[in-house]
Amino acid sequence: MRNIDNDLLRTFVAIAEQHSMLAAATQVRRSQAAVTQQMQRLAEQLGRPLFERSGRGVQLTPDGQKLLVYARRMLTLHDEMVSALSGLSPTGQIRLGAPHDVTESILPVLLTQMAQRYPHLQIAIHTGRSPDLLKDLRKGELDLSIAIALDETDLRSVLLRTSPIVWLAASTFRHEPREPLPLIVAEDWTYFRRVAIQALDRAEIPWRIHYTAPNVVGIRAAVRAGLGVMARSIEMLGPDLRVLGNAEKLPQLPDVGFRLYLGPRSVNPLARQIFDSIEQRGG
């Protein structure tokens, strides 16, 4: 039985994620020629092709896709073993993004897990809207980010939680059925704004935009002031808010998933180690 060098597997995973020999070479700090030779050696050891050309880049063969699953597991376990036996906790900084919706629910749980596993880790938290966080992730300005689960097929991600979207209002808010429902929404055409308006239109319930804000902080403040209703994940429910529903004859809203995304340009090995361990635990 052949022994596979972990360096070969690291380069293989980098190519699989970057879809490019050149980009992977930059990530693993080798020349493109050296990376090509590594992959030739790995393919020879396994006796089967792992990549095939796709436009200007490369993509995995079916055998390459099988290897990717095992390679990620092996590298995560290897890195954990080295850390444990060295007696040293990994140090460094992780740039973690999170939408405001989860700062009091999912984010604290994730931070606790990371702190317990890596007590010397420095975590720089960036909050914002999911589209903006994912944009920063793609530019390499973040290592990891929690975000709403949309169609982001170019990014590795793992589902952290699925939550219902609900109609939220201040505890003192009372809706007059004969009047259009006053909505409090983001200035942009965001996911939650779109979900709310589409659901109301399908149910033929009249509505009006009563208040807009650039972020969820302003939206929540307006809701707490009793100015109207917002459609948001249940993560936003607090003691000063209540859920509207059948009594107000409002339509049911779909669930929303929150995923942890790994930056495609992240060269931070600790970010990958954290992501892989969470992925293996299933979120």
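Residues numbered from 1 in each chain as written. Predicted model: local features only at pLDDT ≥ 70, side-chain atom pairs only at ≥ 80, totals over all residues. Heavy atoms only, no water.

**Overview of the pattern of salt bridges**
Now for step 1: Counted under the stated rule, the structure contains 16 salt bridges.
Now for step 2: The salt bridge partner of aspartate 136 is lysine 139, with a shortest N-O separation of 3.8 Å.
Now for step 3: Owing to a relative accessible area of 47%, lysine 139 belongs among the partly exposed residues under this scheme.
Now for step 4: With a shortest N-O distance of 3.0 Å, arginine 178 and glutamate 176 are connected by a salt bridge.
Now for step 5: Take arginine 178: its relative accessible area is 73%, and that puts it in the exposed class.
Now for step 6: What you see here is one network of salt bridges that share partners, running through Arg129, Asp132 and Asp188. (Salt bridge = Lys/Arg side-chain N within 4 Å of Asp/Glu carboxyl O. Buried < 20%, exposed > 50% of the residue type's maximum accessible area, 1.4 Å probe, protein only.)

**A look at unusual backbone geometry**
Now for step 1: Despite not being glycine, glutamate 204 has its phi angle at roughly 55 degrees, a positive value.
Now for step 2: Unlike most non-glycine residues, lysine 249 shows phi in positive territory, near 60 degrees.
Now for step 3: Mapped onto the fold, lysine 249 is located in the loop between strand S10 (241–244) and strand S11 (255–262).
Now for step 4: The exposure class assigned to lysine 249 is exposed, which follows from its relative accessible area of 69%. (Helix = DSSP H or I, 4+ residues; strand = E, 2+ residues; numbered from the N terminus.)

**Some remarks on empty space enclosed by the protein**
Now for step 1: Per the counting criterion, the structure on display carries one cavity of 30 Å³ or more.
Now for step 2: Of the pockets and cavities examined, the largest cavity occupies roughly 50 Å³.
Now for step 3: Grouping the constituent residues of the lining of the largest cavity by class yields eight nonpolar, one polar and two charged. (1 Å grid on protein atoms, 1.4 Å probe; cavity = no way out; pocket = protein on both sides within 12 Å on 5 of 7 lines; lining within 4 Å. Points joined across faces, edges and corners; volume = space filled by probe spheres on them. Nonpolar A, V, L, I, M, F, W, Y, C, P; charged D, E, K, R; others polar.)

**Concerning the packing of aromatic side chains**
The geometry of two aromatic rings is summed up by the distance between their centres and the angle between their planes.
Now for step 1: This model, assessed by the stated rule, comprises two aromatic pairs.
Now for step 2: Centre to centre, the rings of phenylalanine 12 and phenylalanine 51 are 5.4 Å apart; their planes meet at 55 degrees, and the pair counts as tilted. Residue phenylalanine 12 is located in helix H1 (residues 6–18), and its partner phenylalanine 51 is located in strand S1 (residues 51–54); the two are separated by 39 residues in the primary sequence.
Now for step 3: Relative accessible area serves as the criterion here: at 0%, phenylalanine 12 is assigned to the buried category.
Now for step 4: Here tyrosine 191 and phenylalanine 192 contribute two aromatic rings whose centre-to-centre distance is 5.5 Å and whose plane-to-plane angle is 75 degrees, an arrangement assigned as edge-to-face. (Phe/Tyr/Trp six-rings, centres within 6.5 Å; stacked < 30°, edge-to-face > 60°.)

**Re helix H3 (residues 32–46)**
Structural remark: α-helix, 3.6 residues per turn; residues separated by three or four positions point the same way.
Now for step 1: For H3, built from 15 residues, the straight-helix expectation of 21 Å at 1.5 Å per residue is met to within 8% by its first-to-last C-alpha distance of 21 Å.
Now for step 2: Those residues of H3 that sit buried are Val35, Gln38, Met39 and Leu42. The buried side chains of H3 occupy one side of the element, clustering within an arc of 95 degrees when seen end-on. Turned more than 90 degrees away from the buried face of H3 sit Gln37 and Glu44, all of them exposed.
Now for step 3: Just downstream of H3, glycine 47 is the residue with a positive phi angle, here 75 degrees. (Expected span 1.5 Å × (residues − 1). Arc of directions from axis to C-beta.)

**Here we look at helix H8 (residues 216–224)**
Now for step 1: Listed as buried for H8 are Val216, Gly218, Ile219, Arg220, Ala222 and Val223.
Now for step 2: Each element contacted by the buried residues of H8 is listed here: strand S6 (156–170), strand S7 (181–186), strand S8 (207–213), strand S9 (230–233) and S10.
Now for step 3: The N-terminus of H8 is capped by asparagine 215, whose side-chain oxygen sits 3.1 Å from the backbone nitrogen of valine 217.
Now for step 4: Remark: glycine 226 follows H8 within two positions and exhibits a positive phi of approximately 80 degrees. (Contact = heavy atoms within 4.5 Å. Polar contact = N/O pair within 3.5 Å; in protein donor to acceptor, adjacent residues only side chain to side chain.)

**Some details on the pairing of strand S2 (residues 57–60)**
Now for step 1: Here S1 runs beside S2; their pairing, made up of four bridges, is antiparallel. Bridge assignment links arginine 53 to a residue of S2, and that residue is valine 58.
Now for step 2: The loop that links S1 with its antiparallel partner S2 comprises two residues; one of these, glycine 55, has a positive phi angle of about 65 degrees. (Pairing = 2+ DSSP bridges.)

**A short note on a nonpolar patch on the surface**
Now for step 1: Judged by side-chain polarity, Val69, Tyr70 and Met74 come together as a nonpolar surface patch covering roughly 300 Å² of accessible area.
Now for step 2: Residue position: valine 69 is located in helix H4 (residues 62–86). (Patch = residues over 30% accessible without salt bridge, like charges linked within 9 Å, V, L, I, M, F, W, Y side chains within 5 Å. Areas by Shrake-Rupley, 256 points an atom, 1.4 Å probe, with all protein chains shown as cover.)

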